[in-house]
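So you can see what is in the structure, the chains are spelled out below.
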Amino acid sequence: MTFEGLRVAVTGAGRDTGRLLAREFAARGAHVYVSARDEIAAEATVDLINGEGPGSAEAYGCDLADPDAVRGFAASLAARTGHLDVLVNNAAAYAKGPDLEDAPDDAIESVIGGAATGTTLLVKHLLPLLRASSRPDIVNLVSGCGEPGHRRSTAHPAFYAAKHAQAGLADILSYRLRPEGIRVISLYPPDFVQDGPRTADALLTARSVADCVLFAVGQPRDCFIREFRFEQEQASLNPATPDGRTD
């Protein structure tokens, strides 16, 4: 599978799953716009990519909980390129603890504001670039916490609320953007680990999640894979190790 020449934006790519996704796209020839709340972390990812090849990357700081930062990131991309082929909405602030009282108000605002408002604004402001592509994809790493009836994670209720909002956005966009040829692909992984054995009796790994993204984006344009839903046989992870994605 090759993505030679594609222009790909990955949010939350300063480490972990976002960094893995950015590197995998670049390893297949893409030019990646790496964003993270911590611009230094984004630059570290870019250094890895530019040192590995064959693709390339550039770094941007973007806190999805800050609407001005979101608009600024979108404007920076518009100044750098006339189109965007793939947008990967990976970034998500996380809060742990089953009770509402387990997280302070500012953390709740950040969690919901980033995943819900921030993702919505980013898609809105990048749509012109996506519409200018001959093969546009929007990929959303939603989380199993966005599935109706999901109760297995120890994530804070604010994270559940944020992910349900993100799922609703993805659902309606998939319907409304399909006539334009824009594919909206959403993944609903349970809590997963960054590394581990990829066996049937082990927890889902970030690399398996990334492989699903690469597979979906690599399909011919007549193939609209709308969602990836995952079985979860294992108990949820310790609250200190959430679903593997950070911003």
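Residues numbered from 1 in each chain as written. Predicted model: local features only at pLDDT ≥ 70, side-chain atom pairs only at ≥ 80, totals over all residues. Heavy atoms only, no water.

**Concerning empty space enclosed by the protein**
Reasoning step 1: What the rule picks out here adds up to two cavities of 30 Å³ or more.
Reasoning step 2: The volume enclosed by the second largest cavity comes to roughly 40 Å³.
Reasoning step 3: Lining the second largest cavity are ten residues, and of these Gly12, Arg37, Cys62, Leu64 and Ala91 sit closest to its centre.
Reasoning step 4: Counted by class, the lining of the second largest cavity contains four nonpolar, three polar and three charged residues. (1 Å grid on protein atoms, 1.4 Å probe; cavity = no way out; pocket = protein on both sides within 12 Å on 5 of 7 lines; lining within 4 Å. Points joined across faces, edges and corners; volume = space filled by probe spheres on them. Nonpolar A, V, L, I, M, F, W, Y, C, P; charged D, E, K, R; others polar.)

**Quick notes on the sheet that holds strand β5 (residues 137–141)**
Reasoning step 1: The strand order across the open sheet built from seven strands is β3-β2-β1-β4-β5-β6-β7, with neighbouring strands paired in parallel fashion. The open sheet is flanked by β3 (56–61) and β7 (227–229), the only strands paired with a single partner. Looking at each pair of strands side by side, their axes are set apart by 15° on average, direction ignored.
Reasoning step 2: Of the strand pairs in this sheet, strand β1 (residues 7–10) and strand β2 (residues 31–36) are connected by four bridges, and their pairing is parallel. Looking at β2, one finds that Val8 is bridged to Val32.
Reasoning step 3: This element, helix α2 (residues 39–52), spans β2 and β3 of the sheet and lies at about 180° to β3. (Pairing = 2+ DSSP bridges. Helix = DSSP H or I, 4+ residues; strand = E, 2+ residues; numbered from the N terminus. Axes fitted to C-alpha atoms, helices over the stretch in contact; angles between N-to-C directions. Contact = heavy atoms within 4.5 Å.)

**Some words on helix α6 (residues 206–217)**
Reasoning step 1: Taking 1.5 Å per residue as the helical rise, α6 with its twelve residues ought to reach 16 Å, and the 17 Å between its terminal C-alpha atoms agrees with that figure.
Reasoning step 2: Counted residue by residue, α6 has nine buried out of twelve residues, so it is predominantly covered.
Reasoning step 3: Where α6 is concerned, the buried positions are Ala206, Ser208, Val209, Ala210, Cys212, Val213, Leu214, Ala216 and Val217.
Reasoning step 4: Lining the buried residues of α6 we find α1 (16–27), β4 (86–89), β5, β6 (183–188) and β7. (Expected span 1.5 Å × (residues − 1). Buried < 20%, exposed > 50% of the residue type's maximum accessible area, 1.4 Å probe, protein only.)

**Describing the packing of aromatic side chains**
Reasoning step 1: Scanning the model with the defined rule gives four aromatic pairs in all.
Reasoning step 2: Ring plane angle 55° and centroid distance 6.3 Å describe the contact between Tyr33 and Tyr60, whose orientation is recorded as tilted. Taken together, the positions of Tyr33 in strand β2 and Tyr60 in strand β3 put the pair 27 residues apart, joining distant regions of the chain. When sorted by exposure, Tyr33 lands in the same class as Tyr60, which is buried. (Phe/Tyr/Trp six-rings, centres within 6.5 Å; stacked < 30°, edge-to-face > 60°.)

**With respect to the nonpolar core**
Reasoning step 1: One finds Phe25, Val32, Val34, Val88, Val139 and Leu187 to be the most contacted residues of the largest nonpolar core, which totals 37 residues.
Reasoning step 2: Secondary structure elements with two or more residues in this core: β1, α1, β2, α2, β4, β5, β6 and α6.
Reasoning step 3: For this core, the element with the highest residue contribution is α6, accounting for eight residues.
Reasoning step 4: The next biggest cluster of nonpolar side chains, apart from the first, holds 26 residues, and it includes Phe73, Ala74, Val123 and Ala170. (Core = buried A, V, L, I, M, F, W, Y, C linked by side-chain atoms within 4.5 Å.)

**Some thoughts on the side chain of Thr11**
Reasoning step 1: Here Thr11 shows up in the loop between β1 and α1.
Reasoning step 2: Residue classification places Thr11 among the buried positions, given a relative accessible area of 2%.
Reasoning step 3: A polar atom in the side chain of Thr11 sits 2.9 Å from the backbone nitrogen of Asn90.
Reasoning step 4: Those residues in contact with Thr11 that lie beyond four places of it in its chain are Ser35, Val88, Asn89, Asn90, Ala91 and Leu122. (Polar contact = N/O pair within 3.5 Å; in protein donor to acceptor, adjacent residues only side chain to side chain.)

**Observations regarding the packing of α1 against α6**
Reasoning step 1: One way to put it is that α1 packs onto α6 with a least axis distance of 10 Å and a crossing angle of 40°. The angle between α1 and α6 places the two elements in the oblique class. Judged by the sense of rotation from one axis to the other, the crossing of α1 with α6 is right-handed. Between α1 and α6, the residues in contact are Thr17, Leu20, Leu21, Glu24 and Phe25 and Ala206, Arg207, Ala210, Val213, Leu214 and Val217, respectively.
Reasoning step 2: Class assignment for the residues of the contact of α1 with α6 results in eight nonpolar, one polar and two charged. (Parallel < 35°, antiparallel > 145°, perpendicular 65-115°, else oblique. Left-handed = near helix turned anticlockwise from the far one by under 90°.)

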